[in-house]
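# Summary of the model geometry
The primary structure of each chain is shown beneath.
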Amino acid sequence: AAVCDVLAWCALAVVLAMSKAQGPWAVLRVLGLTAALCAVLLAARPLLAAVASRYAGAPVSGPVRLVLVVGLIFGLAAVTDKIGIHDIFGGFLAGLVLPRDTVLFRPVTTQLGTVNRALLLPVFFVSIGLQVNVWHAAARPAVLTGGAVLLLAAIAGKLGGTMVVASAGGMPRTSALGLGVLMNARGVTDIVVIGVGLSAGVINGNGFTVLIMMALITTAMAGPALRWLGLWAPAGRPAS
């Protein structure tokens, strides 16, 4: 699942580079700079982890740690925006390079996660909902048909593909199907990518609505499917 998310972000960077750049050489330039930035950050990650571990016991206040983390996030966002890809890609890179498991930065990542779940995530979903026009898309037979085909292809690709590979690897059939159900749940990552595609002009309003509905449906079906398979039960009720 983590590898799929990373590949999705890499694919997003390529698409944004192609949509914004003027000509093939400009695309290669953007992709080259992005690859160079990723290489530098991956090389710097062990160094950052070593520095964070060395100064784990330093008397650094919480606000100073927060400023350091937020500065890294917005700094990389500005760099990626300057390169020619979306600034959200810089925030993603900051999450990859940040030594979050160290004593120095673990409290900050926990605080950011709390703020994200309590405030930023609901606001994000409200902004997405305000841009979705289900009735306008459903009134067009071509859009509705395309959405149904997209939903079937999405389920077959993620759920079916994962189940086949997991079964070939020796996983029991029920567990392989459950893993496919979990991989099929798009969640927040795909919705963020779809929103970036709309803001960049890669997709239109109908395409945005169809993709968002696909992501929501495949995510919502995970719970009932896992209960039906006997792999998950609500609190107080044991799974089979």
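The structure under discussion appears in the preceding block.
Notes on the structure in this doc start here. Every value quoted in this text rests on a predicted model; they were computed, and no experiment measured them. (Residues numbered from 1 in each chain as written. Predicted model: local features only at pLDDT ≥ 70, side-chain atom pairs only at ≥ 80, totals over all residues. Heavy atoms only, no water.)

### Overview of the state of the cysteines
The final tally for this structure, using the stated rule, is 0 disulfides. Distance from the sulfur of Cys 4, which forms no disulfide, to the nearest cysteine sulfur (Cys 10) is 12 Å. Here Cys 4 falls in the partly exposed class, since its relative accessible area comes to 35%. Left unpaired, Cys 38 is separated from the closest cysteine sulfur, that of Cys 10, by 6.4 Å. (Disulfide = S-S within 2.5 Å. Buried < 20%, exposed > 50% of the residue type's maximum accessible area, 1.4 Å probe, protein only.)

### With respect to helix H5 (residues 106–131)
Under the 1.5 Å per step criterion, the end-to-end length of H5 is 35 Å for 26 residues, consistent within 8% with the ideal 38 Å. Of all bends in H5, the biggest is about 50°, found at Asn 116. Looking at H5, one finds that the buried residues are Val 108, Gly 113 and Ile 128. Residues of H5 that are buried sit in contact with helix H3 (62–83), helix H9 (187–199) and helix H10 (205–220). (Helix = DSSP H or I, 4+ residues; strand = E, 2+ residues; numbered from the N terminus. Expected span 1.5 Å × (residues − 1). Bend = angle between axes of the 7 residues up to and from the residue. Contact = heavy atoms within 4.5 Å.)

### Re the packing of aromatic side chains
A complete count under the given rule lists 2 aromatic pairs for this structure. Between Phe 89 and Phe 92 the ring centres are 6.2 Å apart and the planes differ by 40°, which places this aromatic pair in the tilted class. Of this pair, Phe 89 and Phe 92 both sit in helix H4 (residues 87–97), 3 residues apart, roughly one helical turn. Arranged with centres 5.5 Å apart and planes meeting at 70°, the rings of Phe 124 and Phe 125 form a pair that is edge-to-face. Overall, Phe 124 belongs to the partly exposed group, its relative accessible area being 23%. By relative accessible area, which is 32% here, Phe 125 ends up partly exposed. (Phe/Tyr/Trp six-rings, centres within 6.5 Å; stacked < 30°, edge-to-face > 60°.)

### Some remarks on the nonpolar core
If you look at the biggest cluster of nonpolar residues, it comprises 18 residues, and the most contacted ones within it are Trp 9, Leu 37, Leu 41, Leu 76, Ile 85, Phe 89 and Leu 93. For Ile 85, the contacting residues outside a window of four places in its chain are Ala 13, Ala 17, Lys 20, Val 30, Thr 34 and Thr 80. Of all hydrophobic cores here, the second largest spans 7 residues; its members include Ile 128, Ile 191, Phe 208 and Ala 215. (Core = buried A, V, L, I, M, F, W, Y, C linked by side-chain atoms within 4.5 Å.)

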